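Breakdown of the fold
One-letter residues, chain by chain:
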Amino acid sequence: MKQLIPKKYLLPFLCLSFLFSSCKKELEEVEVDPVVAWEAHQKFLYNQRFIVNLHAAEAEDRLQVLGMYIFSKISHARKGSKVSNYMHPFRDLSHYKYPMNSDIFTGAEDGSLYFRSVSDPVTSGANLRIYAKEIDPDFLEFELVMSNALESMAISENNVALVPYRYANEKTGRSSLRYFLVKLGVDKSNQSFNKIVLEEVKILTPAQEGGFVRYMRSHQNNFYVATDWGFYKISEEGEIDFQMPDQVAYATFEHKGDLYAIARHGRQQTHALFRSMSGQSWSLDAHTGNVAEWFNYITISDDVILAFRHSQIFEVEVGIDKLQLRELDNTGLVGHTITSIAKVKNKVYIGTQSGLFSKAAEHLLTYKEEEKK
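Within any chain, residue numbers begin from 1 and follow the written order of that chain's sequence. Two thresholds apply to this predicted model, a pLDDT of at least 70 for residue-level local features and 80 or more for giving and counting side-chain atom pairs, whereas whole-chain, interface and lining totals are computed over all residues. Side-chain numbers come from the whole structure's heavy atoms, not from hydrogens or water.

**A closer look at the environment of Thr 337**
Condition: Segments assigned H or I by DSSP are reported as helices when at least four residues long, segments assigned E as strands when at least two residues long, and all are numbered from the N terminus. Only protein chains enter the accessibility calculation, which uses a 1.4 Å probe. A residue is then buried if its area is under 20% of the maximum for its type, exposed if over 50%, and partly exposed in between. Here, residues are in contact when the closest pair of their heavy atoms is within 4.5 Å.
Assignment of secondary structure puts Thr 337 in the loop between strand S25 (322–327) and strand S26 (338–344). Residue classification places Thr 337 among the partly exposed positions, given a relative accessible area of 31%. Sequence separation between Thr 337 and Ser 311 is 26 residues, and the spatial gap between their C-alpha atoms is 5.1 Å. When neighbours within four sequence positions are excluded, Thr 337 is seen to be in contact with His 310, Gly 351, Thr 352 and Gln 353.

Following this line, the structure appears as structure tokens:
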């Protein structure tokens, strides 16, 4: 027996059916772009997961990867990418992030400095070892920055390295701070390999010899060093310029031709963004708050500055009265501690303590959705 719907219920029922079908049609028409996740590199698994540092050799379209046990080169010169791996002798890479440039990767341990050729990493005749005691008989130990995210010493693209160390100070009877300024060259006369050669070593003694090195990096043919005493600029010729005596910097980066530093400022140690006005003076562009110290900063192109902490990544915008961080989507990175970031051609790489990840640069500035309250 058929069930009849009374006329008084028929009109509301038809309206409800129409609204439901309209909503369903509208929902079906809205398309959301899928999130492009960070993808793990399949050549960096198992005991090769721990990535210490990355360097983009832009002229050669090459990514250099310093891992816990191997040094790798990922070439983008041809279609696709080619990965070459080489064993290295360094230890303690879980504590020290050794720097690289396009010609040389470095290390320091047991009173020796190592400068190894990027083009010939395992050719013994291509690499250089310097015994610190032979340069400075008062040498005690290296004073390297201990960090997974900050480089332990510095090397410029001009093959000049700055290495902090402690020496026995006879005047005070205590250990004090000095630097090795090491000028290197690449001898290409041998047809079999490129050889790293020592051109000159200088011993630099700052006027303020106490305290510890907190940060150091190479920019614009100079080294910028933060110690407990303040912020220094050291030229590649060894000239020491005390830039800001009351500031302890913990980040420097370049952006559109300008050099920036984030530092604790003055006696109150408030946090601020500074911009270099000349070789001598800095302007205070913005007060940042102490949260800014939680992050590590890196410039990956003329227009893009990134910051990272743990597995989070942020786009950084700077200006007068502005230091703004906007979180980027990190799908695929959650739970992986970031150590370094680099961009080669149209690809961005992120090194972590548990793998090497990448995505196309066009998908980098995808902002993380705010969590629904």
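**Comments concerning the nonpolar core**
Stated formally: The nonpolar core is taken to be a set of buried Ala, Val, Leu, Ile, Met, Phe, Trp, Tyr and Cys residues, with the residues joined through side-chain atoms within 4.5 Å.
By size, the foremost hydrophobic cluster in this structure holds 60 residues, and its most contacted members are Leu 113, Phe 115, Phe 142, Leu 162 and Phe 180. When sequence neighbours within four positions are dropped, the list of residues in contact with Leu 162 reads Met 153, Ala 154, Tyr 179, Phe 180, Leu 181, Leu 204, Met 216, Phe 223, Val 225 and Ile 234.

**Some details on the layout of surface pockets**
Worth spelling out the cut-off: Here the term cavity refers to a set of points on a 1 Å grid, laid over the protein atoms alone, in which a 1.4 Å probe fits but cannot get out; the term pocket refers to an open set having protein on both sides within 12 Å along at least five of seven lines, with lining residues being those that place an atom within 4 Å of a point. Grid points are joined across faces, edges and corners, and a volume is the space filled by probe spheres set on the points.
One number sums up the size of the largest pocket: a volume of about 1,200 Å³. Around the largest pocket, the lining is made up of 47 residues, and of these His 55, Arg 217, Ser 218, Ile 298 and Thr 299 lie nearest the centre. Put simply, the parts of the chain that give the lining of the largest pocket at least two residues each are strand S2 (51–57), strand S14 (213–219), strand S18 (248–255), strand S22 (296–299) and S26. The greatest single-element share of the lining of the largest pocket, amounting to six residues, is contributed by S18.

**Section: the pattern of salt bridges**
Two side chains with opposite charge may pair up if their charged atoms get near one another. The test is simple: Salt bridges are counted wherever a side-chain nitrogen of Lys or Arg sits within 4 Å of a carboxyl oxygen of Asp or Glu.
Within the structure shown, the criterion is met by 11 salt bridges. For the salt bridge of Lys 183 with Glu 200, the shortest nitrogen-to-oxygen distance reads 4.0 Å. In this pair, Lys 183 sits in strand S12 (residues 174–187) while Glu 200 sits in strand S13 (residues 195–204), placing the two residues 17 residues apart along the sequence. Accessibility expressed as a relative area gives 32% for Glu 200, which makes it partly exposed. Close ionic contact of Arg 214 with Asp 228 constitutes a salt bridge, the shortest N to O distance being 2.7 Å. Linking Arg 214 in strand S14 with Asp 228 in the loop between strand S15 (222–227) and strand S16 (230–235), this pair joins segments that are 14 residues apart in sequence. The exposure class assigned to Asp 228 is partly exposed, which follows from its relative accessible area of 36%. The structure contains a network of salt bridges with shared partners spanning Arg 91, Glu 109 and Asp 110.

**Comments concerning the pairing of strand S28 (residues 355–360)**
So the rule is basically this: Two strands form a pair only when DSSP identifies at least two bridges running between them.
Among the six residues in S28, five count as buried, and that is most of the element. Of the strand pairs in this sheet, strand S1 (residues 39–40) and S28 are connected by two bridges, and their pairing is antiparallel. In the strand pairing of S28, Glu 39 is matched with Ser 358. Here strand S27 (residues 347–352) runs beside S28; their pairing, made up of six bridges, is antiparallel. Looking across to S28, one finds that Lys 347 is bridged to Ala 360. Counting the residues that bridge the hairpin from S27 to S28 gives two residues.

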